[in-house]
Amino acid sequence: MRHRRFIAGCLAAAVLALAGGSAAAQDTIKIGVVIPMTGTSGAVGREIAGATKLYMAQHSDTVAGKKIELIIRDDASVPDNAKRIAQEMIVNDKVSFLGAGLTPSAMAMAPVATEGKVPTVVMVSGTSVVTERSPYYVRTSFTLGQQSGIIADWAIKNGSKKAVSILSDWAPGAEAGKVFEASFTKGGGQVLDTLKVPLANPDFSPFLQRAHDLQPDTLFVFVPAGQAGTFARQFAERGLDKSGIKLVGPGDITDDDDLPTTGDSLLGVVTAGIYSAAHPSQLNKDYAAAYQKATGHRANFISVGGYDGMNLIYEALKRTGGNTDADTVIGAMKGMQWESPRGTISIDPRTRDIVQNVYIRKVQNVGGEPWAIESETFPAVKDPLKEAAAN
Ligand code: PHB
């Protein structure tokens with residue numbers, strides 16, 4: 001009897017010790033971000049790392065009485081890596097939040113986030129379906145659909161009739177092309193051909209030549225972050241900047257990270273985008289200056305996904321009083337609205353997707369460098385593919 005009581009006592013002590021251990025661990029909240037820091041999309045990782053660290057430097061590493069620890073790991077754009085790293089972060093590092101990057105990696109991580117019940121901020125992916133892959137996914141980046149329908153309407157309004165699409169050959173490219181074509185043809189235009197360029201180490205020249213030969217009045221192009229500089233160079237080498245063919249696209253093709261190196265080749269190009277480093281709010285002027293100082297680069301549309309992702313986590317923790325329970329956190333995130341360097345943004349409570357302004361911007365030389373200068377604002381744009389599916 002006494003022996004049994006002794007064992008029971010030992011067990012109780014062990015349970016208490018365990019509980020005490022996890023309570024102590026709870027004083028630190030870990031955020032594990034899985035992004036490409038190397039390879040073709042290495043720029044994306046550099047931008048997200050720069051912006052998330054900047055947010056913490058500006059807003060302290062303590063929120064709701066908890067210390068925040070940011071862990072950033074490189075998946076080299078390989079989805080299997082992303083999945084394994086996310087698992088390791090949950091099991092070994094005991095992260096309370098995950099940050100997801102490119103579409104294929106975000107897709108691969110989704111079951112892990114769901115099973116582990118870890119709220120995950122999608123900081124980069126621009127493909128509509130990603131947020132539907134886990135009830136714990138919330139997006140602070142953008143969708144290609146948000147921008148591609150608006151630029152199609154702009155092109156039609158400005159006289160475009162015959163377009164050729166050049167698309168990076170993966171999910172966001174397919175989505176950009178699909179939404180552009182739907183709006184462009186609805187407006188009476190015709191897409192003569194859709195040309196798909198390999199994602200890795202792209203050579204745009206043969207595709208630009210083929211597009212030129214088809215004699216369109218408009219070229220709709222999507223290349224992902226990190227490729228706008230190469231694209232601009234090959235576009236100019238083929239003489240397309242002087243061909244009279246109008247180049248349009250989502251904001252990705254006039255990426256602020258690349259614009260300073262593109263000389264005159266993209267001047268006059270009009271895009272529908274979610275962020276320009278030249279956005280004229282005071283908040284953005286401060287953000288762009290701080291980002292430039294901290295990283296040595298111009299702030300771009302990828303960086304704000306990381307910066308706002310951190311804000312979403314910080315503000316959710318304030319609302320939950322530091323509680324990291326996944327359902328409680330997601331509940332706090334739904335419907336949240338705040339001022340971002342890109343303008344007012346919010347989280348659609350129905351879809352957990354981002355609602356944000358989309359701007360018409362034209363590349364212009366200001367102070368000796370090309371910038372995407374905004375001229376028109378489409379406020380509070382939702383992901384059109386989710387809206388279409390719901391109606
Ligand atoms: C994506 O992962 O979906 C993605 C990445 C970079 C872009 C656009 C989309 O510029």
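Let me sum up the structure you'll find in this document. The numbering scheme is per chain: residues are counted from 1 as the chain's sequence reads. Where local features are concerned, this predicted model is filtered to residues with pLDDT of at least 70; where side-chain atom pairs are given and counted, the filter is 80 or more; whole-chain, interface and lining totals use all residues. Remark: hydrogens and water are excluded; side-chain values derive from all non-hydrogen atoms of the structure.

### With respect to the overall build of the protein
Then comes step 1: Secondary structure counts use DSSP, requiring at least four H or I residues in a row for a helix and at least two E residues in a row for a strand, with both numbered from the N terminus. Broken down by element type, the protein carries twelve helices and 15 strands.
Then comes step 2: Taken over the C-alpha atoms alone, the protein extends approximately 95 × 40 × 40 Å along its principal axes.
Then comes step 3: For the exposure calls, accessible area comes from a 1.4 Å probe over protein chains only, and a residue counts as buried if that area is under 20% of its type's maximum, exposed if over 50%, partly exposed in between. Sorting the 391 residues of the protein into buried and exposed places 53% on the buried side.
Then comes step 4: With an accessible surface of roughly 15900 Å², the protein has 54% of that area assigned to carbon and sulfur atoms. We get accessible surface area from the Shrake-Rupley algorithm with a probe of 1.4 Å; when it comes to residues, only the shown protein chains can shield them.

### Let's talk about the sheet that holds strand β2 (residues 62-63)
Then comes step 1: For two strands to count as paired, DSSP must find a minimum of two bridges between them. The six strands lie next to each other as β2-β3-β1-β4-β5-β6, forming an open sheet whose pairing is mixed. Across the chains shown, the open sheet's two edge strands, defined by having one partner strand only, are β2 and β6 (137-139).
Then comes step 2: The pairing of strand β4 (residues 97-100) with strand β5 (residues 120-122) spans three bridges and is classified as parallel. Across the sheet, residue Gly99 finds its bridge partner in β5, namely Val121.
Then comes step 3: Helix α2 (residues 42-59) rests against β1 (28-35), β2 and β3 (66-74) of the sheet, and its axis sits at about 170° to β3. Contact definition: two residues touch when any of their heavy atoms are within 4.5 Å. Axis lines are fitted to C-alpha atoms, over the contacting stretch for helices. Their N-to-C directions set the angle, which ranges from 0 to 180 degrees.

### Comments concerning the environment of Met333
Then comes step 1: One can find Met333 in helix α11 (residues 326-333).
Then comes step 2: You can call Met333 buried: its relative accessible area is 1%.
Then comes step 3: Those residues in contact with Met333, other than ones at most four positions away along the chain, are Phe97, Val121, Val138, Leu312, Ile313, Ala316 and Ile347.

### Let's talk about the pairing of strand β12 (residues 337-340)
Then comes step 1: Side chains of β12 alternate between two faces, with Trp338 and Ser340 buried and Gln337 and Glu339 left unburied.
Then comes step 2: The pairing of β12 with strand β13 (residues 343-347) spans four bridges and is antiparallel. Looking across to β13, one finds that Trp338 is bridged to Ile345.
Then comes step 3: In sequence, β12 turns back onto β13 through a hairpin of two residues.

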